[in-house]
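Report on the structure
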Amino acid sequence: MKGPLFVSFATLVLAASSASAQIDTQRCPATTNAQRISQDACQKAIDLFAYLAPQLATSIAGGNATLGMAGSLGGLGHFSAGLRVNALQGSLPQVQNVTLQTNGASNSPPIDTKTQLFPMPTAELAIGVFKGLPLAITNVGGVDLLVSVAYLPEFNSSGVSVKVPNGSLKLGYGARVGILQESLLVPGVSVSYVRRDLPTVNIAANSGNDSLYVNNFSLKTTAWRVVASKGLLLFGFAAGIGQDKYESSTDISAHVAARTLTPAANAGPVALSQNITRTNVFADLSLNLLLFKLTGEIGQVSGGTINTYNTFSGTQAADSRIYGSVGARFGF
């Protein structure tokens, strides 16, 4: 599973953000010969990050705060623990097919992309804090604490080195407020807010004689959800809508090796950031077993504006994306 994820990180070595439809001459100037030689690499780095960072963010954020569930747990003494894997149906730019120009930035031809799943495994825990207030055959206002842990190991292979200077684990947190607690006749309805981030990453990669670096790559997501769910003996159903906010930042630099007619040149380091807001809709189907609940989820993110100087084959940076999740959880 980690192979495709690391391929996406290796591609992010070319990355940056705040992209516009024009050459970013502030970050990629061409006033000297060395800058002109490296301008195309610099601009493509900006566009590749703008294209890839939201895809990775969606794979982290996912959909339902707790797969297959909407209402609150029922107060102290109740919990739910589980494992899930989110996977975005993404597009991976084929960087190995890109020929960097050494006479300034060029946006032709479009950068090839390949359909690629972007998986993210996560462990989750929900803890009941407040049962809520009784109302007829349900409770209202119940509160749950939500905790998650993402894991990203270090990696060194095929000229790509991925380091996690602050550790491979990243803690996520949030809360859920039950509008209605699910009962025999009443569906569960809740509002949740969750923050899930990626561990800080440093990446170094070699492509031929060219060297590419991204340091302090940070990706943070926040998500609010409104979800309704109902269990029917063996099966359970849930559906929801919400909004995601993705914040990413990094420092990039590169060394462009000498060509036949041009000397070697360096680009960066350049500090960059990107912020985007997207709408998220999803639906869950659960199988209720004796001790576990197995859940599958399908969702879609859309919205936001991402302009790039370079174009990409197929799906563009701000187009809608489909994702799925599978998971198992147990609780009381």
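Quick caveat, the model's predicted, so the values are computed rather than measured.

1. Focus on the packing of aromatic side chains
One pass over the full model with this rule turns up four aromatic pairs. With a centroid separation of 5.6 Å and 90 degrees between ring planes, the pair formed by F49 and F217 is classed as edge-to-face. Residue F49 is found in helix α2 (residues 33-61), and its partner F217 is found in strand β10 (residues 210-232); the two are separated by 168 residues along the sequence. F49 sits in the buried class, given a relative accessible area of 0%. Measuring from centroid to centroid gives 6.0 Å for F79 and F330, while their planes differ by 90 degrees, and the two rings are edge-to-face. Taken as a pair, F79 in strand β1 (residues 79-93) and F330 in strand β14 (residues 321-331) lie far apart in primary sequence, 251 residues in all.

2. A closer look at the pattern of salt bridges
One pass over the full model with this rule turns up seven salt bridges. E297 is the salt-bridge partner of R84, the closest N and O atoms lying 3.6 Å from each other. Taken together, the residues R84 in strand β1 and E297 in strand β13 (residues 293-302) connect sequence positions 213 residues apart. Here the salt bridges do not stand alone but share partners, grouping R84, E124, R196 and E297 into one network.

3. Some words on unusual backbone geometry
Unlike most non-glycine residues, N216 shows phi in positive territory, near 55 degrees. Positionally, N216 belongs in strand β10. Despite not being glycine, L233 has its phi angle at roughly 55 degrees, a positive value. Tracing the sequence through the fold places L233 in the loop between β10 and β11 (235-256). Under the relative-accessibility criterion, L233 is labelled exposed at 84%.

4. Describing the nonpolar core
With 43 residues, the main nonpolar core has F118, L198, V201, F217, L219, Y246 and I252 as its most contacted residues. Those elements that place two or more of their residues in this core are α2, β1, β2 (113-130), β9 (188-207), β10, β11 and β12 (265-288). The greatest single-element share of this core, amounting to 13 residues, is contributed by α2. Residues within four places of Y246 in sequence aside, it is in contact with P54, A57, T58, A61, K220, T221, Q274, N275, I276, R278 and V301. A65, L73, L146 and V194 belong to the second-largest nonpolar core, a separate cluster that totals six residues.

Criteria and cut-off values
- Residues numbered from 1 in each chain as written.
- Predicted model: local features only at pLDDT ≥ 70, side-chain atom pairs only at ≥ 80, totals over all residues.
- Heavy atoms only, no water.
- Phe/Tyr/Trp six-rings, centres within 6.5 Å; stacked < 30°, edge-to-face > 60°.
- Helix = DSSP H or I, 4+ residues; strand = E, 2+ residues; numbered from the N terminus.
- Buried < 20%, exposed > 50% of the residue type's maximum accessible area, 1.4 Å probe, protein only.
- Salt bridge = Lys/Arg side-chain N within 4 Å of Asp/Glu carboxyl O.
- Core = buried A, V, L, I, M, F, W, Y, C linked by side-chain atoms within 4.5 Å.
- Contact = heavy atoms within 4.5 Å.

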